[in-house]
Amino acid sequence: TAMTSNGAYTPTVSEVVVTYVVNATPEFDTSFASSGVAVIQVATTSDSNWGKVKIDYRIRDTDSTSNAVTSTFSYNTGAGFTSIGSGALSGTFGAGVSVSTSSYSTHTAYWDAASTTAGTYSTTTQIRVTIDDAEGANNTTSTDVTFTLDTKNPTTGTLTFDAGVAGSSGSAALTINSADDSSRE
């Protein structure tokens, strides 16, 4: 705001404080999955996280004073990035994610994408992982990864049961036809 005077009063500044902050930005390990983040949708039905999106991220903070960062996640299916709330996440995320100053630490979070993007099939979905060391400057870094997301239910097709000719012996045939955008289980 500009300070002006008609001459009757003179504005004065009594103190100016300059603060110099030195902080190295937290880092993703770019030798891990080329960006420091690997994303897949769990496709094995016997896995307890089946259908969820597995997000592995490998990080460090070379000048950490707390050995912890806050990790947050967002997604984009074509309409811009949307934050993923904690209710749709499990695993290692949020405040207090441990980091080292020398070696990288790998952490895993799971996103229950069906709870936020039901009925979506997209081969260009993006996940953004952001880490924040909460220091005065240079405190955040993020990286985006593109993957295929499938929360769309398969369409039902036809069900045919052929028991053969009444009274004759032989095997029965059962045919189920359905369609899906992907070949996941």
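Look up: the structure comes first, before these words.
Okay, so let's go over this structure. (Residues numbered from 1 in each chain as written. Predicted model: local features only at pLDDT ≥ 70, side-chain atom pairs only at ≥ 80, totals over all residues. Heavy atoms only, no water.)

**Some thoughts on the overall build of the protein chain**
1) Next: A tally of regular secondary structure across the protein chain gives zero helices and twelve strands.
2) Next: Moving toward the C terminus, one meets the helices and strands of the protein chain in the order β-β-β-β-β-β-β-β-β-β-β-β.
3) Next: Residues classed as buried in the protein chain amount to 29% of the 185 residues present.
4) Next: Contacts in the protein chain between residues at least 24 apart in sequence constitute 64% of all its contacts with a sequence separation of at least 6.
5) Next: Accessible surface for the protein chain amounts to roughly 11200 Å². Of this, 48% is attributable to carbon and sulfur atoms. (Helix = DSSP H or I, 4+ residues; strand = E, 2+ residues; numbered from the N terminus. Buried < 20%, exposed > 50% of the residue type's maximum accessible area, 1.4 Å probe, protein only. Contact = heavy atoms within 4.5 Å. Areas by Shrake-Rupley, 256 points an atom, 1.4 Å probe, with all protein chains shown as cover.)

**Some remarks on the pairing of strand β8 (residues 105–111)**
1) Next: Of all seven residues in β8, five are buried, a share of seventy percent or more.
2) Next: Both strand β3 (residues 53–60) and β8 contribute to a ladder of seven bridges, which runs antiparallel. Residue pairing for β8: Asp 56 is matched across the bridge by Thr 108.
3) Next: The pairing of strand β6 (residues 89–91) with β8 spans three bridges and is classified as antiparallel. (Pairing = 2+ DSSP bridges.)

**Section: the nonpolar core**
1) Next: Ile 55, Tyr 57, Trp 111 and Ile 127 are the most contacted members of the largest nonpolar core, which has 24 residues in total.
2) Next: Of all the elements in the fold, those that place two or more residues in this core are β2 (37–41), β3, β4 (68–76), β8, β9 (121–132) and β10 (140–150).
3) Next: Among the elements that line this core, the one with the most residues is β3, at four residues.
4) Next: Not counting residues within four places of it along the chain, the set of residues in contact with Ile 55 comprises Val 37, Ala 38, Val 39, Phe 73, His 107, Thr 108, Ala 109, Trp 111, Ile 127 and Val 129. (Core = buried A, V, L, I, M, F, W, Y, C linked by side-chain atoms within 4.5 Å.)

**A few points about the environment of Ala 68**
1) Next: Among the secondary structure elements, Ala 68 is positioned in strand β4.
2) Next: Ala 68 sits 27 residues away from Ala 95 along the chain, and the two C-alpha atoms are 7.6 Å apart.
3) Next: Discounting residues that sit within four places of it in the chain, Ala 68 has contacts with Gly 96, Val 97, Ser 98 and Val 99.

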